Amino acid sequence: MPEPASGPDRAVGAALARWRRLRRRPETWLFLVILAVGTLFGLMAPGFLTLPNVIDLLETYSVQAIIAMGLFVVLVSGGIDISFAATASVAQYCAALLASRLGLPAPLVILAGLAVGVGLGCVNAALIHHLRITSIIATIAMMSVSFSLLMYFSGGRSIYDLPDWWTSRVVFYRAELASGDIVRVTLPVVLMGAMALLTWALMTRTSIGRQIYAMGGNPEAARRVGIDVGRLTYVAYGYLGFAAALGGLVQAHRVGESVPNAMVNTELAVLSAAVLGGASLAGGVGTVPGVLLGIVLLAILQNGLNLLGVSPYFFQIVIGVTILVSTSITVLSSRRGRRLRTLGEAPSHG
Amino acid sequence: MSGETPFLRIKGVSKRFGGVQALIDVDWEVRRGEVHCLVGENGCGKSTLIKTVAGVHPPTAGTIEIDGRPVPSLDPAKAKALGIQVIFQDLSLFPNLTVVENVAVESTLGPALRPVQKAGMRRIAGEVLARLDFPLDLDALVADLPVAERQITAIARGLAAKARLIFMDEPTASLTRAEVDRLLAIVARLRGDGIAVVFVSHRLDEVVKVAERLTVMRDGRKVGTWPVAEVDQRRIGHLMTGVDVEHGVVARDMRAAPPLLAVEGLSRRGEFADVSLTLRKGEVLGIVGLLGAGRTELALTLFGMNRAEGGRILLEGRDLALRSNRDAVRAGIAYVSEDRLSLGLVLPQSIGDNLVLAVMRRLKNRLGLMPQARRRALAAEWVERLKVTIPGLDAPVRTLSGGNQQRVVLAKWLATRPRVLILDSPTVGVDIKNKQGIYEVVADLARGGVGVILISDEVAETFATCDRVLHMRAGRIVGEAVPGVVSEHEMEERIYA
Amino acid sequence: MADARPLPAAKQGSPLRLFAGLPGGHLGLVSLLVGLLLLFAFLVPGFLSVATLNSFMYQLPLLGLLSLAMIVPLMSGGLNLAIIATTSQSALLMVWIMGTLAPPGTGGSSAFLVILLALAAGLLLCVLIGLLTGALVAYTGVHPILVTLGTKSLIDGVSIYLTRGMALSGVPDAFAAAAASTPLGVPLIFLLLVAVAVAVGVILKHTPFGLACAMIGSNPEATRYSAVDTGRVLVGVYALSSVVCFFAALVMIATFNSASADYAQSYLLVTILAAVLGGVDPFGGFGTVTGLMIALAILQLLSSGLNQFGVSTYLTVAIWGATLILVVVAQTFAARLPARFRRRK
């Protein structure tokens, strides 16, 4: 049926097809919305589009972004995890205990913290894969178990005497602008970048990443093709555990102390960012840039409203409306134009 | 038969699941590069046979030889390595990935952190599609492809995995005639490359025409293998069922009966156009045509699921404005969907609840409650009237056989006391005994004054049940026949022409 | 790699479903409940006392009502993450109306009128929220987790914005007295829980709406093809869920004598836990109010019993989570065992 078209026609067709595909991507829309909102805030709030403000924003949201990278992998695999905030808190607190009570050296502490995160992630994977518990139920249960145990054993006490290597600020790049403002690229921002890059490479450039996409798209087919679905479940939840632990460590680094319940209630914000960025709860869909854009949108909304003097309490309303509007538009626009064509395709004679 | 070793030879293969003997002492062979049909009714052991050859189910007894060499412990990986590929009916594709990634998915099965060979995968996909002479947009998402192109993608994936024997499970079930032709052209090409293709089907359709040999299965046994030229459709039907189905023609002249449902110039863009028909009281009207001729779409519009974009529907002379299927049911129109498993029944729920679902409103008492006793009484009454064999009203409907499930669907709709009953391929996946039972129910209804529209792929079925048969093609009604006046053969010629 | 085990519950839902559907499916739960009761009676002297029963009846209603609000959408294959937000906002509105129009000391009949007005407003708010949520779920096709995540954020945002995160207090004496009353020695709020549970149970089990709700939970398309107005049923599901939140709001005011956007936030996930423990299929289609109530009793009993041991509430929540995992695992194996047995035969 399709005939080989001549050169230029084909190029135009390909470009058109690419645009059509691009137009349907949530990332494209998200990017446009961010541009619009950013411009608006830039015009209305003079301090908004300044480099220090932007860098500040990045640092504030680095913890959420790091964890969102892990959650993104789990969402792509077709699962969901509610327990990551608890995981982050547990990993952070364990590491803080090791550092302040036992005075272990930095590499050991960091390694131990990350190991706790990966371990908790693997417990989730085991519950989901071997015991066949739905991911949302398994992780809700794990969240209450691990967070409550943390509160029980810590008695809710914060650890303030973190060692200096943990809390002292690490600045990778520092410059003074003509305006006199100082721009610093700090450890959280660098880690966020590294984590995004790592996740992006893992998911788009390696076999296992593509397998995770395949599994999220059609688990049954993945099994038939010979993909080891159990191993992927461990990889996805283990990776989220790792990301959560890293986020927990960075969070303590930023605030200089370990508070057992500091990360509670970030679950929904991180999930919103991932979903805004186009990761689907049904699995198999989503990109790292999309998730980052989701975080950026939430960040500039909060910061911009803040600079405009809007009450911080108003922010949650904005998040709610943003989630409702963006998800509705995505679903509704993909539903349009899906009519089975029988008239045009069937032979009209004979 | 030549002395050449067949690609696949199985000897004395049996397979038992618990107490069920799914395969009994099957000897079978597939030659290199042949097109072979494997037919049989649902539950005859076809799928078990495929899965045994694909290494999914190890046989309880017997041997499997590939290329003349026995393969003692076949597992799916080994079967694939030996060139056996199965294209399941659901195609097992990844809708969220591109054509390239689907076709060359095997390339991503290597070590976890190995970089994805993008260029390599592209080359593989391009080459395979070129071999099939079927250029697809390599970067299109599979979710965006029409069914026929998805099928090509699945075949291409099999080829990319170096298939030498491809099983295609019900490959034509959802294709239009033109698409089937394209598929058959591709199969011819595969044969040219020395790749054997086995079509698996429970229906006798056009695929039989391109095959060289045909194997019939029944009750877990192989009935036999014949060159296709030596068996005709009727003989195959007999071999499949073990019953000689000699349908008499039952057509009655209903021209004197008052018109019940009249459709005038009904159209819906992209689906069907300018459809006019009259259904009389007590008449059984057949609609035949290929899958994709717009039959189901027409039925859905008559049932109020989709809005007509032109034309009128009149019930006993009164204009019907159907905004939803609730309007249709209220007016006395019922529709038995062709997709029993996902649209006809709520499989996990109980038989009783499925039976009362469409008439819940009628069961309410003054308090708005549905007393358990009334529900059970109604359900029991219909189970009795349609002779459904059930373990109990509380058993999930999923546990019933295909035939009994279909009786439950019929009962559910008859409970709404319809005046017009639309049956869409009502005997697909139903065994021969239940088929006859369903035809009897239809005849009974017609005697009681219900107008029945029966949509079917099988001319024989409509000839055995209908008073008049309409022929639909490409969204239009193109002919009408009275069974007996026109022979079954003539009608088939018209449809498959 | 290529294991020929039965496929996990990918498509048709969890194996839970098999267990929950069996007659006597609550047997395991009831024996767990009785076992715990005996255990605590044996270990804790004076556990079987009126005091224990009383604390049980005072503590259960809020969680119980919120769980009832959760079970309805769960049955239909959805989820309502906004139940706590709805409850808090309704409670805030009612306290605000009562506090503004009837400051303490307002006399008899006018206070009564104000209370009626407050109740009406609270109920109306819940109905509106429910209709809005239901319409979004039914007519946009967005996953209920996302819709209710959005509405939760929105409702919480409005509550926090208007109250600046503060608690509101000041309930007319008449209301406080009624809320604390104990007709026949049973706390009124417990009676309220029983009444709402019976009502929700009857609605789910004996009405066309309830049956449609379970059917939608198993297969929305097949239900729509059976001439059920699935859109309207879904709107009804979330409306009913929100109306139950109104009763939860009453209990919230009665318990705390005030209202705040912060109250009971930690209960959200516990309600899902209780529902699943009680045999509600997290994929929808199956579940009973009876099972939920037994599960709630188990959770409350664990909490009271451990409390008497001097175990911290944090540890109690951890034990709740562990109980859920154990019960689900037990159900999975119970469902798998017969199959395995049959195959061996």
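Residues numbered from 1 in each chain as written. Chains lettered and ligands numbered in written order. Predicted model: local features only at pLDDT ≥ 70, side-chain atom pairs only at ≥ 80, totals over all residues. Heavy atoms only, no water.

## Structural notes on the overall build of chain C
For step 1, the next point in the chain: Check the secondary structure of chain C and you find 14 helices and 2 strands.
For step 2, the next point in the chain: Residues counted as buried form 54% of the 345 residues belonging to chain C.
For step 3, the next point in the chain: For chain C, restricting intrachain contacts to residue pairs at least 6 apart in sequence, the fraction spanning at least 24 positions comes to 80%.
For step 4, the next point in the chain: Total accessible area computed for chain C in this model is approximately 13900 Å², and 72% of it derives from carbon and sulfur atoms. (Helix = DSSP H or I, 4+ residues; strand = E, 2+ residues; numbered from the N terminus. Buried < 20%, exposed > 50% of the residue type's maximum accessible area, 1.4 Å probe, protein only. Contact = heavy atoms within 4.5 Å. Areas by Shrake-Rupley, 256 points an atom, 1.4 Å probe, with all protein chains shown as cover.)

## Quick look at the overall build of chain B
For step 1, the next point in the chain: Looking only at helices and strands, one finds 18 helices and 20 strands in chain B.
For step 2, the next point in the chain: A compact globule built from 497 residues would reach a C-alpha radius of gyration of about 23 Å, and chain B, at 25 Å, matches this within 12%.
For step 3, the next point in the chain: Dimensions of chain B, computed from C-alpha atoms along their principal axes, come out at roughly 70 × 50 × 50 Å.
For step 4, the next point in the chain: The buried share of chain B, reckoned over its 497 residues, is 58%.
For step 5, the next point in the chain: In chain B, 68% of the contacts between residues at least 6 apart in sequence involve partners at least 24 apart.
For step 6, the next point in the chain: When the accessible area of chain B is evaluated, it comes to approximately 20100 Å², of which 51% is carbon and sulfur surface.
For step 7, the next point in the chain: Seen as two clouds, the 67 positive and the 60 negative side-chain charges of chain B have centres 6 Å apart. (Rg over C-alpha atoms; globule rule 2.2 N^0.38 Å. Lys, Arg positive; Asp, Glu negative; His and termini not counted. Charge placed at Lys NZ, Arg CZ, Asp CG, Glu CD.)

## What about the nonpolar core?
For step 1, the next point in the chain: Ranked by internal contacts, the top residues of the largest apolar core, which has 298 residues, are Leu261(B), Trp413(B), Leu421(B) and Leu68(C).
For step 2, the next point in the chain: Mapped onto the domain boundaries, this core takes at least three residues apiece from domain 1 (8–241) and domain 2 (259–496) of chain B.
For step 3, the next point in the chain: Counting residues in each nonpolar core, the second largest holds 50 residues, with Val35(B), Val197(B), Phe199(B) and Leu214(B) among its members. (Core = buried A, V, L, I, M, F, W, Y, C linked by side-chain atoms within 4.5 Å. Domains from an automatic or database assignment.)

## Brief notes about the interface of chain B and chain A
For step 1, the next point in the chain: Listed by partner, the interface residues are 47 residues for chain B and 36 residues for chain A.
For step 2, the next point in the chain: Here chain B meets chain A over a buried area of about 3400 Å², counting both sides, of which 51% is carbon and sulfur.
For step 3, the next point in the chain: When the shortest N-O distance is used, the salt bridge between Arg210(A) and Glu101(B) registers 2.5 Å.
For step 4, the next point in the chain: Where chain B meets chain A, there are 10 residue pairs in polar contact (both at pLDDT 80 or more).
For step 5, the next point in the chain: Of all the secondary-structure elements, those providing two or more residues to the side of chain B that touches chain A are helix H6 (177–192) and strand S12 (272–280) of chain B.
For step 6, the next point in the chain: In terms of residue count, the dominant contributor to the side of chain B that touches chain A is H6(B) (3 residues).
For step 7, the next point in the chain: A breakdown of the residues in the side of chain B that touches chain A according to their chemical character gives 20 nonpolar, 9 polar and 18 charged. (Buried area = accessible area lost by both parts, 1.4 Å probe. Salt bridge = Lys/Arg side-chain N within 4 Å of Asp/Glu carboxyl O. Polar contact = N/O pair within 3.5 Å; in protein donor to acceptor, adjacent residues only side chain to side chain. Nonpolar A, V, L, I, M, F, W, Y, C, P; charged D, E, K, R; others polar.)

## Section: the sheet that holds strand S14 (residues 310–315) of chain B
All names here are of chain B.
For step 1, the next point in the chain: Judged by pairing direction, the sheet is antiparallel, and its 4 strands sit side by side in the order S12-S11-S14-S15 without closing on themselves. Looking at strand neighbours, the two that pair on one side only are S12 and strand S15 (318–319), the edges of this open sheet.
For step 2, the next point in the chain: As paired strands, strand S11 (residues 259–268) and S12 are joined by 6 bridges and run antiparallel to one another. Pairing of Pro259 across the sheet is with Arg280, part of S12.
For step 3, the next point in the chain: Relative to S11, helix H9 (residues 295–302) is tilted by about 115 degrees, and along the sheet it contacts S11, S12 and S14. (Pairing = 2+ DSSP bridges. Axes fitted to C-alpha atoms, helices over the stretch in contact; angles between N-to-C directions.)

## A look at the packing of aromatic side chains
For step 1, the next point in the chain: Counted according to the given criterion, the structure contains 9 aromatic pairs over all chains.
For step 2, the next point in the chain: When the ring of Phe303(B) is compared with that of Trp413(B), the centres are 5.5 Å apart and the planes differ by 90 degrees; the resulting orientation is edge-to-face. Within this pair, whereas Phe303(B) is found in the loop between H9 and S14, its partner Trp413(B) is found in helix H15 (residues 402–414), the two being separated by 110 residues in sequence.
For step 3, the next point in the chain: Overall, Phe303(B) belongs to the buried group, its relative accessible area being 0%.
For step 4, the next point in the chain: Take Trp413(B): its relative accessible area is 2%, and that puts it in the buried class.
For step 5, the next point in the chain: With centroids separated by 5.3 Å and ring planes inclined at 65 degrees, the aromatic side chains of Phe246(C) and Phe247(C) adopt a geometry described as edge-to-face.
For step 6, the next point in the chain: Among the aromatic residues, those joined into a cluster by ring pairs are Phe303(B), Tyr335(B) and Trp413(B).
For step 7, the next point in the chain: Above the face of the Tyr213(A) ring, Arg210(A) is positioned so that its terminal group lies 4.5 Å from the ring centre. (Phe/Tyr/Trp six-rings, centres within 6.5 Å; stacked < 30°, edge-to-face > 60°. Lys NZ or Arg CZ within 6 Å of the ring centre and 35° of its normal.)

## Let's talk about the sheet that holds strand S17 (residues 420–424) of chain B
All names here are of chain B.
For step 1, the next point in the chain: Overall, mixed pairing links the 6 strands, which are arranged S16-S17-S18-S13-S19-S20 in an open sheet. Only two strands of the sheet have a single neighbouring strand rather than two, namely strand S16 (333–336) and strand S20 (476–481). The sheet shows a mean angle of 20 degrees between the axes of neighbouring strands, direction not considered.

## Quick look at the domain arrangement of chain B
For step 1, the next point in the chain: Under the domain assignment, chain B is made up of domain 1 (8–241) and domain 2 (259–496).
For step 2, the next point in the chain: Computed from C-alpha atoms alone, the centre-to-centre distance between domain 1 of chain B and domain 2 of chain B is 33 Å.

## Concerning the pattern of salt bridges
For step 1, the next point in the chain: Considering all chains together, one arrives at 35 salt bridges over all chains under this definition.
For step 2, the next point in the chain: Linked by salt bridges that have partners in common, Arg9(B), Lys11(B), Glu29(B) and Glu65(B) make up one network.

## Re the confidence of the model for chain C
Reading predicted coordinates in detail is not appropriate for stretches of low pLDDT.
For step 1, the next point in the chain: Mean pLDDT for chain C: 83, with 88% of residues reaching 70 or above.
For step 2, the next point in the chain: The model gives residues 339–345 of chain C a pLDDT under 50, and that stretch makes 3 contacts with residues more than four places away or in other chains. (pLDDT = per-residue confidence, 0-100.)

## Examining the interface of chain C and chain A
For step 1, the next point in the chain: Between chain C and chain A, the contact holds 48 residues from the first and 43 residues from the second.
For step 2, the next point in the chain: Buried area between chain C and chain A, summed over both chains or domains, comes out near 4100 Å², and the portion from carbon and sulfur atoms is 77%.
For step 3, the next point in the chain: Counting every contact that joins chain C to chain A gives 0 residue pairs in polar contact (both at pLDDT 80 or more).
For step 4, the next point in the chain: Of all elements in the fold, only helix H5 (108–140), helix H6 (144–163), helix H12 (267–277) and helix H14 (313–344) of chain C reach the threshold of two or more residues within the side of chain C that touches chain A.
For step 5, the next point in the chain: Residue classes in the side of chain C that touches chain A are distributed as 32 nonpolar, 11 polar and 5 charged.

## Observations concerning a nonpolar patch on the surface
For step 1, the next point in the chain: A cluster of nonpolar residues, Val12(A), Leu16(A), Trp19(A) and Leu22(A), forms a patch on the protein surface that exposes about 380 Å² of accessible area.
For step 2, the next point in the chain: Residue placement: Val12(A) occurs in helix H1 (residues 7–24). (Patch = residues over 30% accessible without salt bridge, like charges linked within 9 Å, V, L, I, M, F, W, Y side chains within 5 Å.)

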